[in-house]
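# Architecture and fold: a report
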Amino acid sequence: TSSACSLSPAGRPVGRSAMQVAIAGLGLMGGSLGLALREQAGAHVTGFDLDPAEAAVALERGCVDRVAGSLAEACVGAELVIVATPVSAIAGVVEAVVAATDASVTITDIGSTKGQVVAAVSTAGRERFIGGHPICGSEAHGAAHARAELFTGATYFLTPSVESEPARLASLHALVTAIGARPVVIDAASHDRIVALTSHFPHVLANVLAVQVADADVDGHSPLHSAGGSFRDMTRVAGANPAIWVDILLDNREAVLAAVEDAQARLGVVAEALRTSDNAFLEEWIGAAGE
C-alpha cells in the first residue's frame, strides 16, 4: 500500500500502513466511493450515516471498514473527510467537520453543485476544503447498489477556492486518479454552468417528457403503455430521488433556468420549422445534432 499511502492529503509520509478516510453519507455515491478507496487505493474507511439501516448495509457490502456512531467519531484519526450527503446538507456538514478536526485534515465533498457550497465554507475551512463532483452514478440509490467501478473512466471535477492549499489539491488529484477517475480542476461557477447543461437540464427534460406522455390520452389509449426504446432512452433518469434532485435543481437554479429558457427558444424555432414545413432547416438541424 505504499503508493496509496503517498496519496495522503495531509502529507503523511510514505510507508505508513493505510490512509485513513472518513465518509459522511453512505448512499450510492458515498458507498461506491468507500468501496473504490478500499479496493483501489488501499484506504481504511470509516463511515457515518444518519440512517443506521443505510450504514448497516454499507458495512455489510464492504463499503466501509467500520461505522461510527456520530460524525465527530468518524472524523477521529481521519486524514481525509468526504462529505457525501444531499446537496442541501453539505455546507453544514463541512462546517461541522471543520470544527471537529484540526488543520491537518483535508475536507472534500461529492455534491453535484459547487458554487454555493464553496462560498459557504468558513474562512477557517477554506485552506483545507476542496470541492469535488464525480460525473457518474445511476438512477438507483442507496448503499445496496454501490459499485467500486462506478468511477472508472469518469470525469471527476475538483473545484478549489483561491484559498485552497495547492499540496492538498495535488494529493486529492492523485487519489482521484487512483480510483480510476479523470480529475479535472475547474472554477466552481464554471462547473455549475457545465453540469446544468449536461446533467441537471437533462433530468428536467426527462421528467417533462415522462409526465407529458403519462398525462396524454389518445382516443382512450395511454401512449405510455406503448412506449418504445427511444422513449425509454430519453426518460431513463426521470423520477430520480426527489430528496436529492429538488436540492440540486434549486441550488443551481440560475444555471438550470438559463438552460430551460434557452431550450424554450430553440423549441420555438423547431415549432416554426414544423409549422412552415421547412425541410431544409429540419435536415440541417438533425444533421448538426448527429455531428
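Now for a look at the structure at hand. (Residues numbered from 1 in each chain as written. Predicted model: local features only at pLDDT ≥ 70, side-chain atom pairs only at ≥ 80, totals over all residues. Heavy atoms only, no water.)

### Examining the packing of helix H12 (residues 253–275) against helix H13 (residues 279–290)
Across the interface, H12 lies against H13 with an axial gap of 8 Å and an inter-helix angle of 140°. What the angle tells us is that H12 and H13 run oblique. Crossing of H12 against H13: the hand is left-handed. Residue-level inspection shows Val269, Val270, Ala273 and Leu274 of H12 in contact with H13, the latter providing Phe281, Leu282 and Trp285. Partitioned by chemical class, the residues of the contact of H12 with H13 number 7 nonpolar, no polar and no charged. (Axes fitted to C-alpha atoms, helices over the stretch in contact; angles between N-to-C directions. Helix = DSSP H or I, 4+ residues; strand = E, 2+ residues; numbered from the N terminus. Parallel < 35°, antiparallel > 145°, perpendicular 65-115°, else oblique. Left-handed = near helix turned anticlockwise from the far one by under 90°. Contact = heavy atoms within 4.5 Å. Nonpolar A, V, L, I, M, F, W, Y, C, P; charged D, E, K, R; others polar.)

### Examining unusual backbone geometry
For Asp219, which is not glycine, the phi dihedral falls at a positive 50°. Mapped onto the elements of the fold, Asp219 is located in the loop between helix H9 (188–215) and helix H10 (229–234). Of note, Ser277 is a non-glycine position whose phi angle comes to about 55°, a positive value. Mapped onto the fold, Ser277 is located in the loop between H12 and H13. Residue Ser277 is classed as exposed on the basis of its relative accessible area of 61%. (Buried < 20%, exposed > 50% of the residue type's maximum accessible area, 1.4 Å probe, protein only.)

### Brief notes about the side chain of Ser112
Inspection of the secondary structure assignment puts Ser112 in the loop between strand E5 (106–109) and helix H6 (115–120). The exposure class assigned to Ser112 is buried, which follows from its relative accessible area of 11%. Not counting chain neighbours up to four residues away, the residues in contact with Ser112 comprise Val87, His133, His191, Val195, His200 and Ile248.

### With respect to the packing of aromatic side chains
Given two aromatic rings, one states the distance between the centres and the angle between the planes to describe the pair. The tally for this structure, following the rule as stated, stands at 1 aromatic pair. With centroids separated by 6.5 Å and ring planes inclined at 15°, the aromatic side chains of Phe281 and Trp285 adopt a geometry described as stacked. Placement of the pair is Phe281 and Trp285 together in helix H13, with a separation of 4 residues, close to one helical turn. Exposure remark for Trp285: the relative accessible area of 43% places this residue in the partly exposed category. (Phe/Tyr/Trp six-rings, centres within 6.5 Å; stacked < 30°, edge-to-face > 60°.)

### A closer look at the nonpolar core
Counting 34 residues, the largest nonpolar core has Val21, Ile23, Leu33, Leu37, Ile82, Phe151 and Tyr156 as the members making the most contacts within it. Going through the elements one at a time, strand E1 (20–24), helix H2 (28–40), helix H3 (52–61), strand E4 (80–83), strand E7 (155–160) and helix H8 (166–178) are the ones with two or more residues in this core. Per element, the largest residue contribution to this core is 5 residues, and it comes from H2. When sequence neighbours within four positions are dropped, the list of residues in contact with Leu33 reads Ile23, Ile82, Ile110, Phe151, Tyr156 and Ile179. Grouped together as the second largest cluster of nonpolar side chains are 22 residues, Ala24, Leu71, Val81 and Val93 included. (Core = buried A, V, L, I, M, F, W, Y, C linked by side-chain atoms within 4.5 Å.)

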